[in-house]
Amino acid sequence: MGKLIYGASSREFDIDDRALAHLRVVIINKLRRSESFALTLEHGVDRGSGRTTLWLHESIPLQFVFSGNRRPALNRFWVEELALSAGSTHGLHVLPEPSETAPFET
């Protein structure tokens, strides 16, 4: 289980390493292009089953901390779906991973 650490307050969010690796690609690509956007993360049952929405901006410190030492293979379809989500009015959400053979829907 990795962590996304956001802002100077060091607010931490637990995210599965595989999902975090895919989110990292999308987030870094958006911020590299100076594109701010919203990221919504669901809380687990142990945290009240709610959600938190963060406004991601290139000037706010952000860390990706992985618990494992191996880099997971990336699913191109998942990265593309997450990128579409990040560009939408609802912002980036952790979506279920699609099959790597599933047709890509636009």
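Attention in this report is confined to the structure presented alongside it. (Residues numbered from 1 in each chain as written. Predicted model: local features only at pLDDT ≥ 70, side-chain atom pairs only at ≥ 80, totals over all residues. Heavy atoms only, no water.)

### Some points on the packing of helix α1 (residues 17-32) against helix α2 (residues 76-86)
Running from amino to carboxyl end, α1 crosses α2 at an angle of 50 degrees, the nearest separation of the two axes being 9 Å. Relative to α2, the element α1 is oriented oblique. Between α1 and α2 lies a crossing of right-handed hand. Seen from α1, the contacting residues are Arg18, Ala19, His22, Leu23, Val25, Val26 and Lys30; seen from α2, they are Trp78, Val79, Leu82, Ala83 and Ala86. (Axes fitted to C-alpha atoms, helices over the stretch in contact; angles between N-to-C directions. Helix = DSSP H or I, 4+ residues; strand = E, 2+ residues; numbered from the N terminus. Parallel < 35°, antiparallel > 145°, perpendicular 65-115°, else oblique. Left-handed = near helix turned anticlockwise from the far one by under 90°. Contact = heavy atoms within 4.5 Å.)

### A few points about the pairing of strand β3 (residues 37-42)
Counted residue by residue, β3 has five buried out of six residues, so it is predominantly covered. Bridging between β3 and strand β4 (residues 51-56) involves six bridges; their strand directions are antiparallel. Note that in β4 the partner of Glu42 across the bridge is Arg51. Across two bridges, β3 lies against strand β6 (residues 92-93) in parallel orientation. When the sheet's bridge partners are listed, Thr40 is paired in β6 with His93. (Buried < 20%, exposed > 50% of the residue type's maximum accessible area, 1.4 Å probe, protein only. Pairing = 2+ DSSP bridges.)

### Things to note about α2
Among all positions in α2, only Phe77, Trp78, Val79, Leu82, Ser85 and Ala86 are buried. Turning to α2, the residues buried within the fold contact α1, β3 and β6. Two to three positions downstream of the cap, the backbone nitrogen of Phe77 sits 2.9 Å from a side-chain oxygen, assigning the N-cap of α2 to Asn75. (Polar contact = N/O pair within 3.5 Å; in protein donor to acceptor, adjacent residues only side chain to side chain.)

### So, α1
The end-to-end C-alpha distance of α1 is 22 Å, a good match for the 22 Å that 16 residues give at a rise of 1.5 Å each. Among the residues of α1, Asp17, Ala19, Leu20, Ala21, His22, Leu23, Val26, Ile27, Lys30 and Leu31 are the ones counted as buried. Near the N-terminus of α1, the side chain that reaches the backbone nitrogen of Arg18, with its oxygen 3.0 Å away, is that of Asp16. (Expected span 1.5 Å × (residues − 1).)

### Description of the pattern of salt bridges
This model, assessed by the stated rule, comprises six salt bridges. In this structure, Asp14 and Lys3 form a salt bridge, with 2.6 Å as the shortest nitrogen-oxygen distance. Pair noted here: Asp14 is in strand β2 (residues 11-15) and Lys3 is in strand β1 (residues 2-6), with a separation of 11 residues, a long-range link. In this structure Asp14 comes out as partly exposed when scored by relative accessible area, which is 48%. In this structure, the salt-bridge partner of Arg18 is Glu97, at a minimum N-O distance of 2.7 Å. (Salt bridge = Lys/Arg side-chain N within 4 Å of Asp/Glu carboxyl O.)

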